[in-house]
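Spelled out from the first residue to the last, the chains are:
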Amino acid sequence: MSDATMKKLAVKEARKQQKSFKDCFKRDWQLYSLLLIPLFFCILFKYVPMAWLQIAFKDWKIKDGFFGGEWVGFEIFSKVFGHRNFVKSLRNTLLLNVLDLIVGFPMPIILALLLNEVKNIVFKKVTQTLLYLPHFLSWVIIGGLVYQLFSVNTGVVNALIQNAGGAPINFLQEDTNWLITYIVIGAWQSMGWGTIIYLASITSVNSELYEAARVDGANRWQQMLNVTLPCIRSTIVILLIMQLGKIMGGSFERIMALMNYATTEYTMTIPVLVYQWGIQDMKFSQSTALGLFQSVIGLILVLASDWIAKKLGEDGLV
Amino acid sequence: MKKKTLQRLAAAGLAMAMVAGTLTGCGGSGSDASSDNADQAQTEEADTSATETETETETEGEEAGGETAAAGDFTDYSGGFPETVTLQVPVYERGWEGWNPTDNYWTKWIQENFGDKYNVNVEFISIGRSTEVQDFTQLLSAGSAPTFVFHYDYPNILAYYAQGAYQELNADEIAYYAPSFWERMGDIIQDYGVIDGKLMVAMGDRTELVSSNFGTLIRQDWLDELQLPMPTTLEEFNDTLMKFKDAGYGFATVGSGGGQLLNKSFNFDNSFRDLSDREGIALNSDLAVAAFSWEPTKEYMRNLNYQYQNGLIDPDFYLDQDGNQAKANFISGKAATYSCYINAGTMENVIQPLLQNNPEAKLAILDPGANAPGGKSQAREYWPFGMIYGINADATDEERIAAWMYIEWMNQDEVLTVLQNGFEGKNYELKDGVKAPTGYTGEEKLSNNDNGDYWCLVNANKKYDSEEEFRKAIVYVNAPVGYEYLIEDILKYQEKYEEGFDPDTCFTVPIESLAEYSSDLTELWKESYVQLVTRATSDEEFETMYEEMKQEYLDAGYQEILDEKKAAFDAGQYH
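Residues numbered from 1 in each chain as written. Chains lettered and ligands numbered in written order. Predicted model: local features only at pLDDT ≥ 70, side-chain atom pairs only at ≥ 80, totals over all residues.

### Looking at the overall build of chain B
Here's step 1: Within chain B, the secondary structure is distributed over 19 helices and 14 strands.
Here's step 2: Scored against the burial criterion, the 575 residues of chain B give a buried share of 41%.
Here's step 3: Here the analysis covers contacts within chain B between residues at least 6 apart in sequence; of these, 78% occur between residues at least 24 apart. (Helix = DSSP H or I, 4+ residues; strand = E, 2+ residues; numbered from the N terminus. Buried ≥ 20, exposed ≤ 12 C-beta atoms within 10 Å, placed from the backbone. Contact = placed C-beta atoms within 7 Å.)

### A few points about the overall build of chain A
Here's step 1: Counting its secondary structure elements, chain A contains 16 helices and 2 strands.
Here's step 2: Every one of the 318 residues in chain A was classed for burial, and the buried ones make up 27%.
Here's step 3: When contacts within chain A are restricted to residue pairs at least 6 apart in sequence, long-range pairs at least 24 apart make up 66% of them.

### Considerations on the sheet that holds strand β8 (residues 337–341) of chain B
All names here are of chain B.
Here's step 1: The strand order across the open sheet formed by 3 strands is β8-β7-β9, and the pairing between neighbours is antiparallel. Edge positions in the sheet fall to β8 and β9 (363–365), since each has one partner strand and no second. Along the sheet, successive strands turn relative to each other by an average axial angle of 35°, direction set aside.
Here's step 2: Examined bridge by bridge, strand β7 (residues 214–219) and β8 share 5 bridges and lie antiparallel to one another. Across the sheet, I218 pairs through a bridge with T337, a residue of β8.
Here's step 3: Relative to β9, helix α17 (residues 484–496) is tilted by about 25°, and along the sheet it contacts β7 and β9. (Pairing = 2+ DSSP bridges. Axes fitted to C-alpha atoms, helices over the stretch in contact; angles between N-to-C directions.)

### What to know about helix α6 (residues 106–117) of chain A
Residues and elements named next belong to chain A.
Here's step 1: Look at α6: 17 Å from first C-alpha to last across 12 residues, which is about the 16 Å you get at 1.5 Å a residue.
Here's step 2: For α6, every residue scored as buried is listed here: P108, I109, A112 and L115. End-on, the buried residues of α6 take up no more than an arc of 130°, which puts them together on one face. Turned more than 90 degrees from where α6 packs its buried face, I110 and L114 sit exposed.
Here's step 3: Elements that come into contact with the buried residues of α6 comprise α7 (121–132), α10 (175–203) and α13 (233–245). (Expected span 1.5 Å × (residues − 1). Arc of directions from axis to C-beta.)

### Topic: the interface of chain A and chain B
Here's step 1: Each partner contributes residues to the interface: chain A has 22 residues there, and chain B has 28 residues.
Here's step 2: Looking at the side of chain A that touches chain B, the elements that each hand over two or more residues are α3 (29–47) and α15 (270–280) of chain A.
Here's step 3: Of the residues belonging to the side of chain A that touches chain B, the class tally is 9 nonpolar, 9 polar and 4 charged. (Nonpolar A, V, L, I, M, F, W, Y, C, P; charged D, E, K, R; others polar.)

### Quick word on the environment of A326(B)
All names here are of chain B.
Here's step 1: Assignment of secondary structure puts A326 in helix α11 (residues 324–331).
Here's step 2: The class of A326 is buried, set by 25 C-beta atoms lying within 10 Å.
Here's step 3: Considered as a pair, A326 and V418 are 92 residues apart in the sequence and their alpha carbons are 36 Å apart.

### So, the pairing of strand β12 (residues 428–431) of chain B
All names here are of chain B.
Here's step 1: Looking at chain direction, β12 and strand β13 (residues 434–437) are connected through 4 bridges and run antiparallel. Bridge pairing links L430 to K435 in β13.
Here's step 2: Counted along the chain from β12 to the antiparallel partner β13, the turn is 2 residues long, and its residue D432 has a positive phi close to 30°.

### Comments concerning the domain arrangement of chain B
Here's step 1: In terms of domain boundaries, chain B breaks down into domain 1 (84–207 + 385–416) and domain 2 (214–381 + 481–505 + 520–553).
Here's step 2: Computed from C-alpha atoms alone, the centre-to-centre distance between domain 1 of chain B and domain 2 of chain B is 34 Å. (Domains from an automatic or database assignment.)

### Focus: the sheet that holds strand β3 (residues 148–151) of chain B
Residues and elements named next belong to chain B.
Here's step 1: Ordered by their spatial adjacency, 3 strands build an open sheet running β3-β11-β6, and the pairing between neighbours is antiparallel. Taken across any chain shown, the strands that pair with only one partner, and hence form the sheet edges, are β3 and β6 (201–205). Strand-to-strand twist of the sheet, defined as the mean angle between neighbouring strand axes without regard to direction, takes the value 30°.
Here's step 2: Against the sheet, helix α4 (residues 154–162) makes contact with β3, β6 and β11 (385–391), and its axis sits at roughly 145° relative to β3, the strand it touches most.

### Here's the deal with helix α3 (residues 132–141) of chain B
Residue and element names in this part refer to chain B.
Here's step 1: What α3 keeps buried is the set V133, F136, T137, L139 and L140. The buried side chains of α3 occupy one side of the element, clustering within an arc of 165° when seen end-on.
Here's step 2: Of the surrounding elements, those touching the buried residues of α3 are β2 (120–128), β3 and α4.
Here's step 3: In the segment just after α3, G143 is the residue with positive phi, at about 75°.

### A look at unusual backbone geometry
Here's step 1: For N119(B), which is not glycine, the phi torsion reads 60° and is therefore positive.
Here's step 2: Within the secondary structure, N119(B) sits in the loop between α2 (105–118) and β2.

### Quick notes on the environment of L223(B)
Here's step 1: As for its position among the elements, L223(B) is in helix α7 (residues 220–225).
Here's step 2: Beyond its immediate chain neighbours, meaning those up to four positions away, L223(B) contacts L228(B) and M230(B).

### Overview of the pairing of strand β1 (residues 85–93) of chain B
All names here are of chain B.
Here's step 1: Of all 9 residues that make up β1, 8 are buried, and the element is covered over most of its length.
Here's step 2: Bridging between β1 and β2 involves 9 bridges; their strand directions are parallel. Within the sheet, the bridge partner assigned to T86 lies in β2 and is N121.
Here's step 3: For the segment spanning β1, α2 and β2, crossover handedness is right-handed. (Right-handed = clockwise from strand over helix to strand, strands pointing away.)

### A few points about the confidence of the model for chain B
Here's step 1: Per-residue pLDDT for chain B has a mean of 84; in total, 86% of the residues score no lower than 70.
Here's step 2: Across residues 16–69 of chain B the pLDDT falls below 50, and counting only partners more than four positions away or on other chains, this stretch makes 27 contacts in the model. (pLDDT = per-residue confidence, 0-100.)

### Observations concerning the packing of helix α18 (residues 512–535) of chain B against helix α19 (residues 539–570) of chain B
Residues and elements named next belong to chain B.
Here's step 1: Where α18 meets α19, the closest approach of the two axes is 8 Å, and the angle between their N-to-C directions is 170°. With respect to α19, the element α18 is oriented roughly antiparallel. On α19, the residues touching E512, S513, L514, E516, Y517, D520, L521, L524, S528 and L532 of α18 are F542, M545, Y546, M549, Y553, A556, G557, Y558, E560, I561 and E564.
Here's step 2: Within the contact of α18 with α19, the residues separate by chemical class into 13 nonpolar, 3 polar and 5 charged. (Parallel < 35°, antiparallel > 145°, perpendicular 65-115°, else oblique.)

### A short note on the environment of T544(B)
Here's step 1: Mapped onto the elements, T544(B) comes out in helix α19.
Here's step 2: The sequence separation of T544(B) and Q163(B) amounts to 381 residues, and the corresponding C-alpha distance is 40 Å.

Now the structure itself:
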C-alpha cells in the first residue's frame, strides 16, 4: 500500500471515532474562538467588498451610494478592453510575473535546502535573520534605497564603478536593465521570507529516511536531492499553485516604487492601471471591472493548476 | 499534574487575551459607530426642526399676505441655532512639523468666537494638500465629506460637480446670511459660480493676481566670478548655463531648466505662448492637462531637450517627483538655480544650509525673462477669486446656513485681521504702520502660511489697506532677514513683465472629457516628454519622435478634450 492510501485510511478511521460537533466544540472552544479572529478579518476585508463588484456593471458616480447608478451591462468592460493601455498592461503583467516565478520561485527552495545543510547554529540563525529582513522593508523604502544605490548619475554603485575605471551601468533608466533590476530586487526581497515554509516542511522529514540513505552510501548532496526534495514536493506544489494564481496580479507598490518615467515599457501593469483609474482618476467602475477581470483569470489559473497537480498525483489545494 | 494544569491555564489565559483584544478592537469601532449614529441623529433632529421652522415661517408669510420679501423667507439665527449644528470645514494638511491643522490654538479660537456664539460645533477635517482630490473623493464616496468641498482650480470643481458632490445654492440665502461677504463677492460669485445655468459654487476673494513671493534663486557669486551679467532672455540663460558648466560649477534645476518631473499644474509653457491666439490658449491652457500637441509646449520641450543634451540641467531631473532633489542639488552647490516661494522659512530651509556648504554663496532673483525666448516673460494670472467651494450635497439646510454664517463671521475685518496676523505684541509689532511679524513661536503662533488655510474661504491672500502697505508688508512678512531685496526684486520684475500676465480661460460648463482623460493623459505626458527630452539626440529625431508621440497623445483622449473645449468656446460658454 502506498503512503497516500495509508494516510487516507487512517483519516477515515479517525473520522469514525469522531464525536459530534457539539462535543468537539466543548472540548476545543479555545481553538474555535481563536479561529474567529481570522474568520472575522476574512469576512470583513475579503467578502464584504465583493458586494461592490456590482459597480463594474454600472455607470456609477461617487455620490450614488451602494444601490445607485444605472445598469449598463458589459459596456464598462468593452471600454476597459478597448483602452490603449489594456493590452500593454496585460502583456507586462504576465511578463513580469512569469519572470518573477521563474527567478523568484526556486530561490527560497534552494536557499532552504542550503540553510538546512548549515550545521553551525549561530551562523544559521544570523543568516536567516539577515535574509528575512528585506521582507519587512516597505517597497517605498526599498525604492528609495535602490535609486540611491543604482541610479546612473548619482548612484553609489555607479560612482564606485566609475572610480574603478569602468563605464557607468544604467541599472534603472533603460528598459531591459530596468526589467532585470526589478526581477533581481524582487527575488532578493522575498527569498528569505519564502524559506520559512520550506524549512518547516524540511524539519518534518522523517530522519529515518536520511539514516537509510546514509546506510545506502548517499552523500550529503545525494541526500538532499533524493530525500529532502521529494519529501517537500507537496509543499512546493501547493506554493506553486498559489503562486500561479498571482500571475495576473502582482505587487503594485513594487512597480510604483521602482519605476521612473524614462523607462515605461514594462511598468504599465494591471494593478498599476487599477490604481491609476480607481484612486487617481475616480473611475471606479472601470477600475472595478479591470480588477474583476484580473481576479477571474487568477481564479481560473489556480483551479487549472490545481486540477493538473491532482492529475499528476499531488495533493492539490481544493 | 500541577504543571499540566498550569500550562492549560496559561493557554486559556492567552486565548482569552487574544479574543479580548479583538473584542476591544471591535468595541472601539463600535463606539465610533455609535457616536456617528449620535451625530446623525443630531443632524436628523436638526433637520426636522429646520422643516418645522420653515413651515412656521411659511405660515407666517402667508398670514402677512403672502409677501415674498427675501428676508421673510429665512429664519434669523443671529441669536444662535436652537440645536447644535455641526459644521465640518476642510483644512489642508501640508505636513508642517509641529502643526496640527485640525486642533490648535486657532481652531479653538474659531470655536470660541464663532461656534460658541451661534451654537455651532466647528469641526476641522484634514485634507492632504497633495492628495486633496483623492481625499475628497474618498470622503464623498463614504458619505462623510465635510460641509464645504473645495479646490483652488476650477476644472476640479467641475469634476466634483459632475460627480454630484454639490447642492444648488440660493443667492438670496447667501445674501441674507452673509451680507458683507455677498457685497464683496456677490457679483463674482453670480458670474463664475454658475455651472450649467445653476448657481453651484461660491468663492473667496483674491486681490493679488500673481504670486508676490515666488521666484527663482540664482547663484550671483557664480555670475560675478565669471563676470557675467544677469541673463534676461532664454538664449542668454542657456549661454550662461553653458559657461557655468564649462567652469565646472553646476546646472540649472528649475524654471525653463526643468528641475523636476512636470506632473501637475501644466502652465510651464506660458512664456512660449502667443498671447493673441485666444482660441489656442482657451483650448490648451489648462492646469489639469498638458498640451502636448500644442506648439508652445513643443517649443518648451525643444528647449528642455537642448538643455538636457548639453548637460545644462540635472541629468536625473525626472526622478525628482516632488522637488526635493532640486532643492538638495541647490543646497549642496551642484545647481545654479532653484525656484520656490520665498518666505520666512526659506532662511532655515534653503539659505542657511546653502551657506553652510558654500559660505561664499550669494543669491539673486533670476530675471524671469531668462525663461522666455526673446526675454518676453509671461505668466499665468489668477482668476479674480481664490478658493472655490460648494456645499456638500448631503449637508442639511442648517449646516448650509451655518456655513454662510461662518463665512460672514470670518469676513469681518476684526476677525480677519486677527486670524491673518495674530495679536499685536505677540505675533507682530507695528513698524511704520505695517504689521511686521516677530517670529513668535508661543501658543498663539500662526501656521506657516499665516493661517491661510483657515481664512482661504474668504480671501486668498492677506488684506491690506493700500498698495504701499501691501508692498512693505509683503517684504516684512516674507523676506528672510537680510534678504529683503529678494522680495523687492520679485516685485520689481513683476512690474517689468506686467503685460505678460494672462489668466486661463474659465469654462462655465464641465468639460467631461477632461475628467475622463486628464489623469490618463498626465501619465502619458510624463513618459512621453521625459523620453522625448532624454532620448532625442538630434533635431530630426526630435521631430519624428514628437510627431509620433503627439498622435498617440491626441488619440489617447486629448483630441476629444480639444473638441469639447472648442464646442464650448464657440458657444461662448466661458469667461
